[in-house]
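Chain by chain, the residues run as shown.
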Amino acid sequence: MSTVQCRKGKSSHFVGMLLVLLFGTGWAVSQESDADRNAPLEHIVGAIMTRGGAMAFLETLTDTVGGRVTGSAHSQAAAELILKILKDAGFENAHIEDYPLAARWQRGPASGWVVSPVKQPLLVGSYGWAPGTSGRVEVPLIVAGVGADGKLSADPAKLRGAAVLVDLTSGTDLSFAPNYVVRRSAVAHQLAAAGAAAMLIQSEKPDRMLYTSAAGIYPRAPLPLLSVAREDALFLLRLLKKGEVKVALDVQNSFDLTPAKERNVIAEIPGTHPDQIVLLGAHFDSWDPAQGAKDNGSGVAEILEIARILKSLGVKPKATIRFAFFSGEEQACLGSRAYVDAYKDQLDRHRAVLITDDGAQRPLGFVLHGRTDLEGPARRVLSPLAALSANAISAAGDLTSDDESFVVLGVPTLSLAVEPGDYDTQHHTITDTLDKVDPQMLALDTAVLAVAAYQIANTDQPLARRWTAQEVTDLLKRTGQAEYVELDYGRREQ
Ligand SMILES: [Zn+2]
């Protein structure tokens, strides 16, 4: 209770400061001649910072729907909740767009034990879209490193039938997340080809937290793939130093290959130049160990609140502002890929796509995914974000979400950059719950996205043109993401 009161106190103080910043001397004096032009932004930001709608929705999403694995009834419930809120806000054009889903996956219980030289339970959890073990298996445990070339360093003869604890980070720097995903996928395929019983990955999370993902392994991991609590992996390594170790594993996941559908939710505010589109997007699917509050309930709450506020204020932008709520991001950006497929005839007319998927920490600005041509125009058009200390523009390449679906097709794409905070510790774990989201920062991120969308929608010209396939190929090579994108799309034409 005291924490909540403290937050409320800080929040109202902060809003007060923000309103002074926006309406007070700094803004009003220097921009006085632009008062008319800035009035809509002031209304939009003021409404976002004072209504608390994003946090209220996020509480409803997390506490009534909960975790939202792609293909599940919870995912469908989330889509229906978003649609209802859009309809209630007056979006007559809000609707659901289905797309086919190749495979649904059901998590079953996952258990592990050391059976010799001692008997102790292990804390393990399955990666998503990984198969089970076909009952309880008792297998030798071995440890394997990975060379700088990505090849396993273990004796191939020992891999067959073994549970293999892999040190993915040996031999090279994998701090750039796409490189880690590429290596994890490649090693899983090497192990499966060698006949290994399971791949075990030491969780990088603290406090025995496990990690869940399907990146780079959708639609089916080639063998059982388990996250092992860091402390338990260290225990296994100590045992292995002293001699042979045998473990038992029982993972009961299942796949359902009957035809299924997933869905996106789409709505828009038509512009006075409706041939131009600015898209705001976030994915509503999540992992199941927790509520998916940060990943990416917060992003959905931000976009949904922008939609509601622009609608309630009667904002009439030049370009159409479209809102997309995607599913299937955690598998292989399935929803956003369905979107670009459905709207392929409109992609040339997408001025920009704005994506948010890094949690609700303090906003910094936007990342342009290697599009250096966007830097100048973005700095100019997004200059009002200086008042929110969120006008940093980076051309760095960093595809980690639905931004990928648009960048690979050359569409100008800006992802909200936020302070890292504790996002990496919590996302895809049991602790991604509502209490980790700071309402003040959630509102501020919402405001930054709203200002960006409004500004881009109201320029006379698009920020930049769509890039050609060759330009995109060069960009992906230059930013070191070609192999990462190949996991979802296969090899690009040279
Ligand atoms: Zn996400």
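Fair warning: this is a prediction, and the values are worked out from it, not measured in the lab.

## Focus: the pairing of strand β6 (residues 137-145)
- Sheet topology note: the β6/strand β10 (residues 245-251) ladder contains five bridges and is antiparallel. Bridge assignment links V139 to a residue of β10, and that residue is V247.
- Alignment of β6 against strand β7 (residues 163-167), held across five bridges, turns out to be parallel. When the bridges of β7 are listed, V143 appears paired with L165.

## Regarding the domain arrangement of the chain
- According to the domain assignment, the chain contains domain 1 (3-103 + 259-489) and domain 2 (105-256).
- Here the C-alpha centroids of domain 1 and domain 2 sit 34 Å apart.
- If you look at the interface, domain 1 gives 21 residues, while domain 2 gives 23 residues.
- Looking at the side of domain 1 that touches domain 2, the elements that each hand over two or more residues are α10 (329-332) and α17 (482-489).
- Looking at the side of domain 1 that touches domain 2 residue by residue, the class counts come to nine nonpolar, nine polar and three charged.

## Observations regarding the packing of helix α9 (residues 293-312) against helix α15 (residues 439-457)
- Contact geometry of α9 with α15 gives a least axis separation of 9 Å together with a crossing angle of 55°. The angle between the axes of α9 and α15 places the two elements in the oblique class. α15 is crossed by α9, and the crossing has right-handed handedness. Between α9 and α15, the residues in contact are S298, A301, E302, E305, I306 and I309 and L442, D445, T446, L449, A450 and A453, respectively.
- Considering only residue class, the contact of α9 with α15 consists of seven nonpolar, two polar and three charged.

## Here's the deal with the confidence of the model for the chain
- Of all residues in the chain, 92% attain a pLDDT of 70 or more, and the chain-wide mean is 91.
- Low pLDDT, under 50, characterises residues 1-17; the stretch is placed with seven contacts to residues that sit more than four places away or in other chains.
- Taken as a whole, residues 19-31 scores under 50 in pLDDT and shows 12 contacts with residues more than four places along the chain or in a different chain.

## Some points on the sheet that holds strand β12 (residues 260-269)
- Spatially, the eight strands line up as an open sheet ordered β1-β12-β14-β13-β15-β18-β16-β17, and their pairing is mixed. Lying at the two open borders of the sheet, with one neighbouring strand each, are β1 (95-101) and β17 (392-394). On average, each strand axis in the sheet is tilted by 25° relative to the strand beside it, whichever way the strands run.
- The pairing of β1 with β12 spans seven bridges and is antiparallel. Opposite I96, over in β12, you have V265 as the bridge partner.
- Packing against the sheet, α9 makes contact with β12, β13 (273-283) and β14 (319-326), and its axis sits at approximately 145° to β13.
- Contacts from helix α11 (residues 334-342) reach β1, β12, β13 and β14, with the element oriented near 65° to β12.

## Looking at the environment of T446
- Along the chain, T446 turns up in helix α15.
- For T446, a count of 32 C-beta atoms within 10 Å gives the class buried.
- Each C-alpha atom, one on T446 and one on L239, is 49 Å from the other, the two residues being 207 residues apart in sequence.
- Once residues lying within four places of it in the same chain are set aside, the contact partners of T446 are I48, A54, E302, E305 and I306.

## Description of the nonpolar core
- By size, the foremost hydrophobic cluster in this structure holds 145 residues, and its most contacted members are V164, M199, A452 and A453.
- Counting residues per element, this core draws most heavily on α15, which supplies 14 residues.
- Looking at this core, you find at least three residues from each of domain 1 (3-103 + 259-489) and domain 2 (105-256).

## Things to note about the sheet that holds strand β3 (residues 110-116)
- Ordered in space as β4-β3-β10-β6-β7-β8-β9-β5, the eight strands form an open sheet in which the pairing is mixed. Since the sheet does not close on itself, it has two edges, and those belong to β4 (120-122) and β5 (124-126), each with one partner. Taken over all neighbouring pairs, the strand axes of this sheet differ in orientation by 35° on average, direction set aside.
- When β3 meets β10, the two strands line up antiparallel, connected through six bridges. When the bridges of β10 are listed, W113 appears paired with A248.
- With respect to the sheet, helix α8 (residues 230-242) is in contact with β3, β4, β6, β7, β8 (198-202), β9 (225-228) and β10, its orientation differing from that of β6 by roughly 90°.

## Quick notes on helix α7 (residues 177-193)
- Taking 1.5 Å per residue, 17 residues should reach 24 Å; α7 reaches 25 Å between its end C-alpha atoms and fits that length.
- The complete set of buried residues in α7 reads P178, V181, V182, R183, R184, S185, V187, A188, Q190 and L191.
- On the buried face of α7, the contacting elements are α6 (156-159), β7, β8, β9 and α17.
- Downstream of α7 by one or two residues, G195 has phi in the positive range, about 85°.

Definitions and cut-offs
- Residues numbered from 1 in each chain as written.
- Predicted model: local features only at pLDDT ≥ 70, side-chain atom pairs only at ≥ 80, totals over all residues.
- Pairing = 2+ DSSP bridges.
- Helix = DSSP H or I, 4+ residues; strand = E, 2+ residues; numbered from the N terminus.
- Domains from an automatic or database assignment.
- Contact = placed C-beta atoms within 7 Å.
- Nonpolar A, V, L, I, M, F, W, Y, C, P; charged D, E, K, R; others polar.
- Axes fitted to C-alpha atoms, helices over the stretch in contact; angles between N-to-C directions.
- Parallel < 35°, antiparallel > 145°, perpendicular 65-115°, else oblique.
- Left-handed = near helix turned anticlockwise from the far one by under 90°.
- pLDDT = per-residue confidence, 0-100.
- Buried ≥ 20, exposed ≤ 12 C-beta atoms within 10 Å, placed from the backbone.
- Core = buried A, V, L, I, M, F, W, Y, C linked by C-beta atoms within 7 Å.
- Expected span 1.5 Å × (residues − 1).

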